[in-house]
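Report on the structure
What follows is the residue order along each chain.
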Amino acid sequence: VGDHILTIVLIVAICIFCYAAFNLYHIYTEYKKGTDEYNSISEMAVTERDPDQVEEIDQPDEQPVAPVSIDFDSLRSINEDVIGWIYMEALPEISYPVVQGTDNAYYLHHLFTGEYNSSGSIFADWNNQPDFTDQNTIVYGHNMKNGSMFGNLSHYQDQALWEASPYFYLYVPGKVLKYQIFSCYAGYVGSEAYTYAFPEEADFQAFLKQIRCYAGYDTGVEVVETD
């Protein structure tokens with residue numbers, strides 16, 4: 001009887017091991033497929049500019065010169081939901097197309113190509129304006145364990161990183177938006193950060209005050225109701 005019980009326990013343990021191994025392999029292949037897909041899109045749509053060349057480009061004062069250029073025609077040929085491209089110099093792995101769907105569910109588990117994948121996409125809240133003209137535009141991205149998508153964004157809780165690179169870029173068709181980072185903190189679902197509408201000026205001022213007080217360090221960046 002004892003030998004039979006030991007055999008059953010061994011078989012169960014092997015089954016559990018195989019099941020766990022299969023799940024780990026599935027997760028790995030999902031991550032890799034998502035990463036490979038976005039690398040391919042980046043190679044197609046992103047052109048790196050030579051740093052010396054960037055300094056020589058003559059642009060109007062209100063139009064910042066960004067370190068890369070984006071081919072939106074190529075991106076639209078794959079997905080017409082594309083509204084921009086996010087690029088962070090300090091975290092170069094964060095260089096992705098930004099899409100916007102008709103809800104906040106689809107792109108949680110669909111790649112830019114429309115293929116189902118746990119990596120999902122970087123996407124703007126469907127309630128926001130697609131041209132990023134709202135006072136607060138919410139941009140979602142998974143905190144992936146392999147560092148892809150927004151997996152490394154938490155590094156900005158380190159003040160030294162912010163001091164080295166306090167800006168990031170959002171490309172939209174026809175122009176480049178250069179954002180100055182004023183508050184870095186780890187939030188939670190349903191917090192003030194998820195507010196996209198401010199009926200009164202006082203509402204936005206209260207929002208800014210709350211967001212600033214959450215920050216792990218003071219950036220000294222002034223933000224006003226017109227921003």
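1. Focus: the pattern of salt bridges
A complete count under the given rule lists 1 salt bridge for this structure. Note that Arg 76 is salt-bridged to Asp 73, the shortest N-O span being 3.4 Å. Separated by 3 residues within a single helix, Arg 76 and Asp 73 lie in helix 3 (residues 72-78), roughly one turn from each other.

2. Observations regarding the confidence of the model for the protein
Mean pLDDT for the protein: 86, with 87% of residues reaching 70 or above. Model confidence for the protein, summarised as mean pLDDT per element, is weakest for helix 2 (residues 51-56) at 48 and strongest for strand 5 (residues 122-124) at 98. Per-residue pLDDT stays below 50 along residues 53-60; that stretch engages in 8 contacts with residues further than four places along the chain or on separate chains.

3. Notes on the nonpolar core
Among soluble globular proteins, nonpolar side chains are generally buried collectively. Counting 52 residues, the largest nonpolar core has Ile 70, Leu 75, Trp 85, Ile 86, Val 98, Tyr 156 and Tyr 171 as its most contacted members. Apart from the residues lying within four places of it in its own chain, the contact partners of Ile 86 are Ile 94, Ser 95, Tyr 96, Val 98, Ile 122, Phe 150, Phe 168, Tyr 169 and Leu 170.

4. Things to note about a nonpolar patch on the surface
There is a patch of nonpolar side chains on the surface, built from Ile 8, Val 12 and Ile 16 and spanning about 290 Å² of accessible area. The residue Val 12 is located in helix 1 (residues 2-45) in this model.

5. A word on helix 5 (residues 201-214)
Its 14 residues place the ends of helix 5 21 Å apart at the C-alpha level, agreeing with the 20 Å of an ideal helix rising 1.5 Å per residue. Looking only at helix 5, the buried set comprises Phe 204, Phe 207, Leu 208 and Ile 211. Projected down its long axis, helix 5 carries its buried residues within an arc of 95°, all on one side. Within helix 5, the exposed residues directed more than 90 degrees away from the buried face are Lys 209 and Cys 213.

6. Thoughts on the side chain of Asn 128
Secondary-structure assignment places Asn 128 in the loop between strand 5 and strand 6 (139-140). Residue class for Asn 128 comes out buried when judged on its relative accessible area of 4%. Setting aside anything within four residues of it in sequence, one finds Asn 128 in contact with Gln 100, Asp 134, Asn 136, Thr 137, Ile 138 and Tyr 196.

7. Observations regarding the environment of Thr 113
You can see Thr 113 is positioned in the loop between strand 4 (95-99) and strand 5. Separated by 72 residues in the primary sequence, Thr 113 and Ile 41 have C-alpha atoms spaced 9.2 Å apart. Residues in contact with Thr 113, not counting those within four places in the same chain, are Glu 37, Ile 41 and Ile 78.

Conventions we followed
- Residues numbered from 1 in each chain as written.
- Predicted model: local features only at pLDDT ≥ 70, side-chain atom pairs only at ≥ 80, totals over all residues.
- Heavy atoms only, no water.
- Salt bridge = Lys/Arg side-chain N within 4 Å of Asp/Glu carboxyl O.
- Helix = DSSP H or I, 4+ residues; strand = E, 2+ residues; numbered from the N terminus.
- pLDDT = per-residue confidence, 0-100.
- Contact = heavy atoms within 4.5 Å.
- Core = buried A, V, L, I, M, F, W, Y, C linked by side-chain atoms within 4.5 Å.
- Buried < 20%, exposed > 50% of the residue type's maximum accessible area, 1.4 Å probe, protein only.
- Patch = residues over 30% accessible without salt bridge, like charges linked within 9 Å, V, L, I, M, F, W, Y side chains within 5 Å.
- Areas by Shrake-Rupley, 256 points an atom, 1.4 Å probe, with all protein chains shown as cover.
- Expected span 1.5 Å × (residues − 1).
- Arc of directions from axis to C-beta.

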